[in-house]
Amino acid sequence: MRLLIVEDEALLAEQLSAALTAAGHAVDVAPDGEEGCFLGETEPYDAIILDLGLPKMDGAAVLRKWRAENVTTPVLILTARDSWRDKVDGLDAGADDYVTKPFVMDEILARVRALTRRAVGAASPVFKRGLVEFDTRSGSVTHSGRPVTLTAQETNVLSYLLHNADRVVSRTELSEHVYGYDEERDSNTIEVFIGRLRRKLGAELIQTVRGRGYRVVEE
Ligand code: CA
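In what follows, the accompanying structure is described. Starting afresh in each chain, residues are numbered from 1 along the sequence in its written order. In keeping with the predicted nature of the model, local features appear solely for residues at pLDDT of at least 70, side-chain atom pairs appear and are counted solely at 80 or more, and the whole-chain, interface and lining totals rest on all residues. Computation of side-chain values: all heavy atoms of the structure, hydrogens and water removed.

**Re the overall build of the chain**
Put simply, DSSP marks the helices as runs of H or I at least four residues long and the strands as runs of E at least two long, and each gets a number from the N terminus on. Looking only at helices and strands, the chain has 8 helices and 11 strands in total. Summary of the burial criterion: residues with accessible area below 20% of their type's maximum are buried, those above 50% are exposed, and those between are partly exposed, where the area comes from a 1.4 Å probe applied to protein chains only. Across the 219 residues in the chain, those meeting the buried criterion constitute 51%. Considering only residue pairs separated by 6 or more positions, the chain has 57% of its internal contacts joining residues 24 or more positions apart. Only the protein chains shown count as covering a residue, and every accessible area follows the Shrake-Rupley method with a 1.4 Å probe. Put simply, the chain shows about 10,700 Å² of open surface, and 48% of that area lies on carbon and sulfur atoms. Placing the 27 positive and 36 negative side-chain charges of the chain at their respective mean positions leaves the two points 7 Å apart. Throughout, a contact is declared for two residues whenever any of their heavy atoms are within 4.5 Å. Counting rule applied: Lys, Arg positive; Asp, Glu negative; His and chain ends not counted. Where a charge lies is defined by one atom per residue type, namely NZ (Lys), CZ (Arg), CG (Asp) and CD (Glu).

**Thoughts on the coordination of the calcium ion**
Note: metal donors comprise N, O and S atoms at 2.8 Å or less from the metal (3.2 Å for Na, K and Ca); water molecules are not included, so apparent gaps in a site are possible. With distances of 2.2 to 2.4 Å, the protein atoms coordinating the calcium ion are D8 (OD), D51 (OD) and G53 (O). Expressed as a motif, the donor residue spacing for the calcium ion is D-x42-D-x1-G. In this pair, D8 sits in the loop between β1 (2–6) and α1 (10–22) while G53 sits in the loop between β3 (47–51) and α3 (59–68), placing the two residues 45 residues apart along the sequence.

**Quick word on the nonpolar core**
Ranked by internal contacts, the top residues of the largest apolar core, which has 26 residues, are L158, L161 and L174. Those elements that provide at least two residues to this core are β7 (132–135), α6 (152–163), α7 (171–178), α8 (187–201) and β11 (213–216). Excluding residues within four positions of it along the chain, L158 makes contact with F134, V141, L150, L197, L201 and L205. To form a nonpolar core, buried Ala, Val, Leu, Ile, Met, Phe, Trp, Tyr and Cys residues must be joined to one another through side-chain atoms within 4.5 Å. Grouped together as the second largest cluster of nonpolar side chains are 19 residues, I48, L50, L52 and A93 included.

**A short note on the pairing of strand β8 (residues 140–143)**
Moving residue by residue along a regular strand, the side chains alternate between the two faces of the sheet. Burial of β8 is one-sided: the residues V141 and H143 facing one way are buried, the residues S140 and T142 facing the other way are not. Note: β7 against β8, 4 bridges, orientation antiparallel. If you follow V132 over to β8, its bridge partner there is H143. Turn length for the β7-β8 hairpin, with the two strands adjacent in sequence and antiparallel, is 4 residues, and the turn residue G139 shows positive phi of about 75°. In this scheme, strands are said to pair when DSSP sees at least two bridges between them. Connecting the antiparallel pair β8 and strand β9 (residues 146–148) is a turn made up of 2 residues, with S144 showing a positive phi of about 55°.

**Observations regarding the sheet that holds strand β4 (residues 75–80)**
On the basis of which strands lie adjacent, the open sheet formed by 5 strands has the order β2-β1-β3-β4-β5 and parallel pairing. In this open sheet, the two edge strands, each paired with only one partner strand, are β2 (26–30) and β5 (97–101). For this sheet the average axis-to-axis angle between neighbouring strands, irrespective of direction, equals 20°. Strand direction decides the pairing type here: β1 and β3, joined by 4 bridges, are parallel. Residue L4 lies in a different strand from β3, and its bridge partner there is I48. Axis lines are fitted to C-alpha atoms, over the contacting stretch for helices. Their N-to-C directions set the angle, which ranges from 0 to 180 degrees.

**Let's talk about the sheet that holds β8**
The strand order β6-β7-β8-β9 describes an open sheet built from 4 strands, whose pairing is antiparallel. For this open sheet the edge positions go to β6 (126–129) and β9, each flanked by a neighbour on one side alone. Sheet twist, expressed as the mean angle between neighbouring strand axes with direction ignored, is 25°. Those strands touched by α6 are β6, β7 and β8, and its axis lies near 100° from that of β7.

**Describing α1**
A helix is expected to span 1.5 Å for every residue after the first. Here α1 contains 13 residues, and its C-alpha end-to-end distance of 18 Å stays within 8% of the 18 Å for a straight helix at 1.5 Å per residue. Buried positions along α1 lie against β1, β2, β3, β4, β5 and α5 (105–119). G24 sits one or two positions beyond α1 and adopts a positive phi of about 100°.

Structure below.
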């Protein structure tokens, strides 16, 4: 999954980015409201973490603009502790959830998982397809109960396909959700990741829909 962090405190942004990258996501960071607003409008994120106190354009204004433009991406806002007014304003502006600062990183990771799951209507944090199980909490994958080692990008490709099961996902769409803004995107490498996933998890898991893309079928 691909995430945007809009946070002006450089250290905090870096910590969030590192934790979410380690959890297998592609992550972009915007240091102010204007850049964050632009990225949120133009890039297809699976979830956004938005600080409310931002230079150039405050977080609630950014969020209202996105929602007015029908950007439906799930948004988790970061609010100051004990500021109930911030939470109310943020939720009314279109936020899906909030975390108060200072926070524990595990809480952010869990809330992002819940948001991306809810966005696709998945009730369980564990995806099961045939002999394959993917636990979004740990990022671990098993085949017939045996652990399978995947690279971060293979995990991200698998995660995106499982979150979008029963739908044909094109190579372009996959590459937009697996790579960050500054990374070089090459949709041919997506084919390589799919090939490796099939070798590791069985050929039947991911179907090729000729000329259109890939699909994981719901059971
Ligand atoms: Ca701030």
